[in-house]
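Chain by chain, the residues run as shown.
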Amino acid sequence: MSEATTLKLRGLKKAFGEQVVLGGIDMDIPLGSHTTVIGKSGTGKSVLLKCISGLMAPDAGSIAAGDEKGAPPCSYMFQQNALFDSMTVEENVALPLREKGKAKATEIKKRVSDLLEQLDLTAARKKYPAEISGGMKKRVALARALITNPEIILFDEPTTGLDPQRKYSVFDMIRSYRKRFGFTVIMVSHDVPEVFEISDKIAWLDAGEIKYWGTPDDLLANPPEDLKPFLNPQLSPA
Amino acid sequence: MISKVGRHSIRLVSELGELAGFSGKASVALPGQRHIMEKLTRSIFEIGVRCVPITLIVGLFTGLVLGLQLYYVLTKFSSESLLGQAVALSIILEIGPVFTAIMIVGQAGSALSAEIGIQRNAEQIDALHTMQINPIGFLVSPRLWAAIIAFPILTTFFDLIGIYGGYLTGVELLGVDPGAYWNRIYEAVSVQNIVNGLLKALVFGIVTTMICAFQGYYTHLKSDIPGARGVSQTTTRAVVYSSIAILMFDYLITSFQMAS
Ligand SMILES: Nc1ncnc2c1ncn2[C@@H]1O[C@H](COP(=O)(O)OP(=O)(O)O)[C@@H](O)[C@H]1O
Ligand SMILES: [Mg+2]
């Protein structure tokens, strides 16, 4: 790993035809921290993550960690989990190790079974994704993202569709693994304000720009006017 | 009108170019993969299990019908003793490779296209990218090499059972002399004929697998509305284009083989 301490995004732009999704994003994300990106659906949060991970090439701008061009090795947890339905839970989690890297078969087996144990998935290890619940699928996807010990993990709405208890357990898991392994988390979430408890920084993406960037405490103490309805949504008076 | 034709031709040419590039990547990506034998055997097994029954059934009935048709043509020239040769050559050179390929496209090609299309929509292909696994190498290459192996084998099954079908009608039903039937085959069918037939099967295997995989892989770009509807669209297209390609290549290869 390089000596870099921040992941620098400079002038990231992305448009689909006429529609400008990212209009020049600048961010300094401290490595090892947890940044949560919030914003309305369809504003380009997933596009931002895909640009950071290298899945999507931005139209302009750069991403660098220190002197190195591009982001360091990223794992990505997809909004729809993206598990392989013809593989068992165990095979899905082992996939990145089996297809890449230097780990031997016995080591892979051990790492996978340890991780499944920790994520409470041991009973489901021979099951196929279609046979397990939505919350379990999320945990399998998390396990697959963690198994390679990446430097950065990008989470795209990891808790969407989970009941409150599962939601907290996923947040807990992300926090405790980050403490333990020291990876950087960049996460998209709608779970405001619960997600603030585990975040170091909040980025508010709106209309293609980062309209707010700071700690959750500052945000709550002094929220921008436009963001208030997002933090505290209310029904309009009947 | 002319500009429309022009636009379509340009699109066709650029599409063919993309298909060629995709095929190039798929053909060289296999060595970069791990567990190659495992992936290859699984793919061959998939095609085999799906296609052996239908190949045998269609092969048998084709032989039966062919025996009947050719018998009535040949009796007109009092040369029904040529039946074995006529059945065997038409199956080995033409009907075997073409019918087998069309059957495999219907069974395995459509499934391949739909599976890869769904994987695209479920972000599984993106997931492979983020794991630094080459998705074309992982998903397409084993299928391509499996097709190269499986198409000639299934075609051979079709040929054998088809020739047996011709025997059933010709000899058992219509009374052609069994010795004459088999002897004419031994005498008339050369090794070159068999090679030519299997060569067709090989080319059909490559072309159809690439078309089906290509359609599925880019379903998000090639359908009007990506999603379930998009996958059904691209799957249909994969089968139609593959069938056309089989007949086009059949004509091309036949003319080359005749000329040489
Ligand atoms: N591959 C793509 N092609 C065209 N438009 C896209 C593509 N990906 C995303 N978009 C558009 O970009 C916008 C932002 O999408 P997305 O990042 O998924 O939003 P969200 O913030 O909800 O994650 C949407 O309007 C979407 O239609
Ligand atoms: Mg999204």
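Focus: the overall build of chain B
If you tally the helices and strands in chain B, you get nine helices and zero strands. Its helices and strands in sequence order give chain B the pattern α-α-α-α-α-α-α-α-α, from N to C terminus. Overall size of chain B, expressed as C-alpha extent along the three principal axes, is 65 × 50 × 35 Å. Sequence separation of at least 24 residues holds for 82% of the intrachain contacts in chain B that already meet a minimum separation of 6. When the accessible surface of chain B is summed, it comes to about 12,600 Å², and 70% of that surface belongs to carbon and sulfur atoms.

Focus on the pattern of salt bridges
All names here are of chain A. This structure, assessed with the given rule, holds 24 salt bridges over all chains. The partner of K40 in a salt bridge is D206, with the nearest N and O atoms 3.7 Å apart. One end of the pair, K40, is in the loop between β3 (34-38) and α1 (45-53); the other, D206, is in strand β9 (residues 201-206), and 166 residues separate them in sequence. In this structure D206 comes out as buried when scored by relative accessible area, which is 13%.

A word on the site of ligand 1
Residues and elements named next belong to chain A. Inspection of the region around ligand 1 gives F16, Q19, V21, K40, S41, G42, T43, G44, K45, S46 and V47 as its neighbouring residues. Contact between ligand 1 and Q19: an oxygen atom at 2.8 Å from a side-chain N or O atom of the residue. Within the backbone of G42, one N or O atom sits 2.6 Å away from an oxygen atom of ligand 1. Considering ligand 1 on its own, with 560 Å² of exposed area, one finds that the protein chains cover 60% of that surface. At the level of elements, β2 (19-30) and α1 are the ones that each hand at least two residues to the shell around ligand 1. Among the elements that make up the shell around ligand 1, the one with the highest residue count is α1 (three residues). Along the lines of polarity and charge, the residues of the shell around ligand 1 split into three nonpolar, six polar and two charged.

Examining the interface of chain A and chain B
With 20 residues of chain A at the contact, the number on the chain B side is 19 residues. The junction of chain A with chain B conceals about 1,800 Å² of combined surface from both sides, 54% of it contributed by carbon and sulfur atoms. For chain A, the biggest contributors to the area lost against chain B are A:F84, A:R98 and A:E99; these three give 33% of the whole. On inspection of chain A and its partner chain B, the count reaches three salt bridges. Between A:R98 and B:E38 there is a salt bridge, with the nearest N and O atoms lying 3.0 Å from each other. Viewed at the interface, chain B and chain A are joined by nine residue pairs in polar contact (both at pLDDT 80 or more). Contributions of two or more residues to the side of chain A that touches chain B are made by β6 (74-77) and α2 (89-99) of chain A. Ranked by residue count, the leading element in the side of chain A that touches chain B is α2(A), at five residues. For the side of chain A that touches chain B, the class distribution of residues is 11 nonpolar, three polar and six charged.

Digging into the environment of A:D191
All names here are of chain A. Examined against the element boundaries, D191 turns out to sit in the loop between β8 (184-188) and β9. Judged by relative accessible area, which is 13%, D191 ranks as buried. Between the C-alpha atoms of D191 and K126, which are 65 residues apart in sequence, the distance is 32 Å. The residues touching D191, leaving out its near neighbours within four places in the chain, are T159, K167 and F171.

Concerning the packing of helix α3 (residues 83-121) of chain B against helix α9 (residues 228-259) of chain B
All names here are of chain B. For the pair α3 and α9, the least separation of the axes is 9 Å and the interaxial angle reads 150 degrees. Between α3 and α9, the crossing angle belongs to the class labelled roughly antiparallel. The two elements α3 and α9 cross, and the hand of that crossing is right-handed. The segment α3 lies against α9, with E94, V98, A101, I102, V105, S110, S113, A114, G117, I118 and N121 engaging V231, T234, T235, A238, V239, S242, I246, L247, D250 and T254. A per-class count over the contact of α3 with α9 returns 11 nonpolar, eight polar and two charged.

Considering the packing of helix α2 (residues 36-76) of chain B against α3(B)
Residue and element names in this part refer to chain B. Contact geometry for α2 and α3: axes closest at 9 Å, N-to-C directions at 150 degrees. α3 is crossed by α2, and the crossing has right-handed handedness. Split by residue class, the contact of α2 with α3 holds 18 nonpolar, seven polar and one charged.

Remarks on the domain arrangement of chain A
Residues and elements named next belong to chain A. Domain boundaries in chain A define domain 1 (1-73 + 152-238) and domain 2 (83-149). Using C-alpha coordinates to define each centre, domain 1 is positioned 26 Å away from domain 2. With 12 residues of domain 1 in contact, the opposing surface of domain 2 contributes 11 residues. For the pair domain 1 and domain 2, the summed buried area comes to about 920 Å², and 70% of that belongs to carbon and sulfur atoms. On inspection of domain 1 and its partner domain 2, the count reaches zero salt bridges. If you look at where domain 1 meets domain 2, you find two residue pairs in polar contact (both at pLDDT 80 or more). Among the elements of the structure, β7 (152-156) and α5 (164-181) are those that each provide at least two residues to the side of domain 1 that touches domain 2. A total of five residues in the side of domain 1 that touches domain 2 trace back to one element, the largest contributor, which is α5.

A look at the environment of B:I116
Residue and element names in this part refer to chain B. Secondary-structure assignment places I116 in helix α3. In this structure, the C-alpha to C-alpha distance between I116 and V49, residues 67 residues apart in sequence, is 19 Å. Ignoring anything within four residues of it in the chain, the contact list for I116 reads I125, V140, A213, G216 and Y217.

Details of the nonpolar core
A:L7, A:L9, A:I186 and B:V140 are the most contacted members of the largest nonpolar core, which has 56 residues in total. No other element matches helix α7 (residues 191-217) of chain B, which puts seven residues into this core. Residue assignment places this core across two domains, with domain 1 (1-73 + 152-238) and domain 2 (83-149) of chain A each supplying three or more. Contacts of A:I186, omitting those with residues within four sequence positions, involve A:L7, A:I29, A:T35, A:V37, A:L49, A:I52, A:I152, A:I153, A:L154 and A:F155. Residues A:V112, A:V185, A:V192 and A:V195 belong to the second largest nonpolar core, which totals 44 residues.

Reading the values: rules and limits
- Residues numbered from 1 in each chain as written.
- Chains lettered and ligands numbered in written order.
- Predicted model: local features only at pLDDT ≥ 70, side-chain atom pairs only at ≥ 80, totals over all residues.
- Heavy atoms only, no water.
- Helix = DSSP H or I, 4+ residues; strand = E, 2+ residues; numbered from the N terminus.
- Contact = heavy atoms within 4.5 Å.
- Areas by Shrake-Rupley, 256 points an atom, 1.4 Å probe, with all protein chains shown as cover.
- Salt bridge = Lys/Arg side-chain N within 4 Å of Asp/Glu carboxyl O.
- Buried < 20%, exposed > 50% of the residue type's maximum accessible area, 1.4 Å probe, protein only.
- Near = heavy atom within 4 Å.
- Polar contact = N/O pair within 3.5 Å; in protein donor to acceptor, adjacent residues only side chain to side chain.
- Nonpolar A, V, L, I, M, F, W, Y, C, P; charged D, E, K, R; others polar.
- Buried area = accessible area lost by both parts, 1.4 Å probe.
- Axes fitted to C-alpha atoms, helices over the stretch in contact; angles between N-to-C directions.
- Parallel < 35°, antiparallel > 145°, perpendicular 65-115°, else oblique.
- Left-handed = near helix turned anticlockwise from the far one by under 90°.
- Domains from an automatic or database assignment.
- Core = buried A, V, L, I, M, F, W, Y, C linked by side-chain atoms within 4.5 Å.

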